[in-house]
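The chain contents come next:
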Amino acid sequence: MKTEYGKLTPQIIDELKTAVGTANVVANDPDMLDSYAWDQAGQVWGHMPDAVVRPDGTEQVSNILKIASKYRIPVTPRGAGSGLNGGAVPLAGGIVLSLERMNRILEIDPVNRVAVVEPGVVTNDLCRVAAEKGFLYAGYPMSTETSFIGGNFATNAGGGKVIRYGNTRRHILGAEVVLPSGEVLQLGGRYRKDTWGYSLLQLLVGSEGTLAVATKLIVNLEPKPGKTVNLLACYPDLDILVESVAKVIGSGKKIISCEFMDRDIVKYTTEYLGCMLPEQERSEGYLLIQLEGDTDEELENAYEAVGKICLEAGAFEVFVAESRTDSAAMWNVRQNGLEGMRHHDPYASSSGDIMVPLSSVPEMVKRTKGLGKKFGLEMGIIAHIADGNIHPIPTKPKDMSVEDWAVYSEEFFAELIKEAIALGGVGSGEHGVGHVKQKILMDSKTPVELEVLQGVKKAFDPQNILNPGKMFSPLD
């Protein structure tokens, strides 16, 4: 049965203006509304909101949701809009609840080793401030310079350092959240374990704004890492490269990151950046490995041991970054992989985010390449390969329309996700589900599991006003 929503009337707009101030409600401005209609999944997946409301604190968020609940207006929470699966797209119109003004780092608590932040804080800003205080915020994705902490919370974002530090869920200790009814909950706190009833906090991490809106987060801070070094291992064959990863991870050394880039990703990204990686002409793929050591001697022993493993496994060269400049150049290529593919083709699809056990990575890479050939796609691959998180980025065939490509690319990813599930994995490791992958997600669950999951949604949001059409939230 289709959900019947109320219409955003001039009277309701006036109530919203009273709640947050006239300047912070956008309506009847198509150009401005369009900038909130889509995310990095692409404009083809977009949908126009009726209004954008920009609160400046928990009370204002609560008041917005009380108004929305009263009139049954759909609300789509939005952070930086850097998501890759349409999670912040207002499918039902209504209100986009933008958290961009809630961007304060409220506290760095050195005793409890936590930071207290609002959801609109740019991830890299928190990393920088934490570092100035002698700490590391480790729960950040590769989009650290653009993503918001609130979006990381919403998608349980990961990144290059998951193999050492875990993803966002591991670093969320507490949260202040507002329910669709406007009621406020305080969850968790400045402690690191509890067995004090069901963990609503952990349930909300990764719920993509379908259950509640986070307005304040208490995040874990790690001690600053010791000395680090980056290695770039060049391989003539992808099968050899992938098979070597388990040996690298099993080396016993302090590995912070182990990232994979294939030939096409490197080709188009270095063209985009105007640079070159070593041995680029003959390398089919690279491993970018970051190691940590407490002393220079420990670090040297570590990179010599890991470099030897790579060479014995089949790498023809292993380069050690000798300076911060060298390290930054290596990581710049990895971090700009999507941008490089989209510079080559603006319609390169970014929603590939499959996750498999490490033991299944070699087979999953083979199946990814095989499906790419079956679908006739040119494709680059990057991966947080040490934890089994693979990101294929196919490009649009030249003779295909943008509209047809939106459908065709998701048919490809649907088949790919089936392969990942067959190998003991899932369809998303960090990007989330949004609405781009909702059908695939729903099809992968048993009827009993679906009933439980949709029951959770109904318990939090009985009117289905919060981010409808995402994850287990029906649009009709």
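Parameters and conventions
Residues numbered from 1 in each chain as written. Predicted model: local features only at pLDDT ≥ 70, side-chain atom pairs only at ≥ 80, totals over all residues. Heavy atoms only, no water. Helix = DSSP H or I, 4+ residues; strand = E, 2+ residues; numbered from the N terminus. Rg over C-alpha atoms; globule rule 2.2 N^0.38 Å. Buried < 20%, exposed > 50% of the residue type's maximum accessible area, 1.4 Å probe, protein only. Contact = heavy atoms within 4.5 Å. Areas by Shrake-Rupley, 256 points an atom, 1.4 Å probe, with all protein chains shown as cover. Lys, Arg positive; Asp, Glu negative; His and termini not counted. Charge placed at Lys NZ, Arg CZ, Asp CG, Glu CD. Phe/Tyr/Trp six-rings, centres within 6.5 Å; stacked < 30°, edge-to-face > 60°. Lys NZ or Arg CZ within 6 Å of the ring centre and 35° of its normal. Pairing = 2+ DSSP bridges. Axes fitted to C-alpha atoms, helices over the stretch in contact; angles between N-to-C directions. 1 Å grid on protein atoms, 1.4 Å probe; cavity = no way out; pocket = protein on both sides within 12 Å on 5 of 7 lines; lining within 4 Å. Points joined across faces, edges and corners; volume = space filled by probe spheres on them. Nonpolar A, V, L, I, M, F, W, Y, C, P; charged D, E, K, R; others polar. Parallel < 35°, antiparallel > 145°, perpendicular 65-115°, else oblique. Left-handed = near helix turned anticlockwise from the far one by under 90°.

Colleague: Help me understand the overall build of the protein chain, please; the structure alone is not making it clear to me.
Modeller: Scanning the protein chain for helices and strands turns up 17 helices and 18 strands. A compact globule built from 476 residues would reach a C-alpha radius of gyration of about 23 Å, and the protein chain, at 23 Å, matches this within 12%. Along the first, second and third principal axes, the C-alpha atoms of the protein chain reach 70 × 60 × 45 Å. When each of the 476 residues of the protein chain is scored for burial, the buried share is 55%. Across the protein chain, every contact between residues at least 6 apart in sequence was considered, and the portion connecting residues at least 24 apart equals 74%. In the structure as shown, the protein chain presents an accessible area of about 20500 Å², 51% of it carried by carbon and sulfur atoms. Of the side-chain charges in the protein chain, 47 are positive and 62 negative, and the distance between the mean point of each set is 4 Å.

Colleague: Quick question: what am I supposed to make of the packing of aromatic side chains here?
Modeller: The description of an aromatic ring pair rests on the distance of the ring centres and on the angle between the ring planes. Applying the stated criterion across every chain yields a total of three aromatic pairs. Its end group placed over the ring of Phe316, Arg282 keeps NZ or CZ at 3.8 Å from the ring centre.

Colleague: How do you make sense of the sheet that holds strand E14 (residues 285-293) when you look at a structure like this?
Modeller: Within a sheet, neighbouring strands are paired by backbone hydrogen bonds and run either parallel or antiparallel to one another. The strand order across the open sheet built from seven strands is E15-E12-E14-E13-E17-E18-E16, with neighbouring strands paired in antiparallel fashion. The open sheet has two edge strands, strand E15 (317-320) and strand E16 (354-355), and neither has a second partner. In this sheet, E14 lies alongside strand E12 (residues 227-235) in antiparallel orientation, the contact comprising nine bridges. Residue Leu231 lies in a different strand from E14, and its bridge partner there is Ile289. Of the strands in this sheet, strand E13 (255-262), E16, strand E17 (379-384) and strand E18 (389-394) are in contact with helix H14 (residues 361-374), which crosses E17 at around 160 degrees.

Colleague: What is the right way to look at empty space enclosed by the protein in this model?
Modeller: Any empty space left between atoms is shown by rolling a water-sized probe over those atoms. Enumeration over the complete set of coordinates arrives at one cavity of 30 Å³ or more. By volume, the largest cavity is sized at about 30 Å³. Here the lining of the largest cavity gets four residues from one element, more than from any other, and that element is helix H9 (residues 238-249). For the lining of the largest cavity, a count of residues per class yields four nonpolar, no polar and three charged.

Colleague: Quick question: what am I supposed to make of the packing of H9 against H14 here?
Modeller: Working note: a packed helix pair is described by the angle between its axes plus the distance between those axes. One way to put it is that H9 packs onto H14 with a least axis distance of 9 Å and a crossing angle of 150 degrees. Taken together, the axes of H9 and H14 lie roughly antiparallel to each other. Helix-helix and strand crossings are classified by hand; for H9 and H14 the assignment is right-handed. Judged by residue contacts, Leu238, Asp239, Val242 and Glu243 of H9 engage Val361, Pro362, Val365, Lys366 and Lys369 from H14.

Colleague: What am I meant to see in the layout of surface pockets here?
Modeller: Estimated volume of the second largest pocket: approximately 730 Å³. Gly206, Val433, Leu441, Met471 and Phe472 are, among the 34 residues lining the second largest pocket, the residues nearest its centre. Elements represented by at least two residues in the lining of the second largest pocket include exactly helix H8 (200-204), helix H15 (402-422), helix H16 (438-444) and helix H17 (447-460). At four residues, the largest contribution of residues to the lining of the second largest pocket is made by H17. By residue class, the composition of the lining of the second largest pocket is 13 nonpolar, 13 polar and eight charged.

Colleague: Explain the sheet that holds strand E1 (residues 25-27) to me, please; I cannot follow it from the model alone.
Modeller: Read from one edge of the open sheet, four strands run E1-E2-E4-E3, paired in mixed fashion. At either end of the open sheet lies a strand with only one pairing partner, and these are E1 and strand E3 (75-78). Ignoring strand direction, the axes of neighbouring strands in this sheet form an average angle of 20 degrees. With four bridges joining them, E3 and strand E4 (residues 95-98) adopt parallel strand pairing. By the bridge assignment, Val75 is partnered in E4 with Ile95.

Any functional reading would require information beyond the geometric quantities listed.
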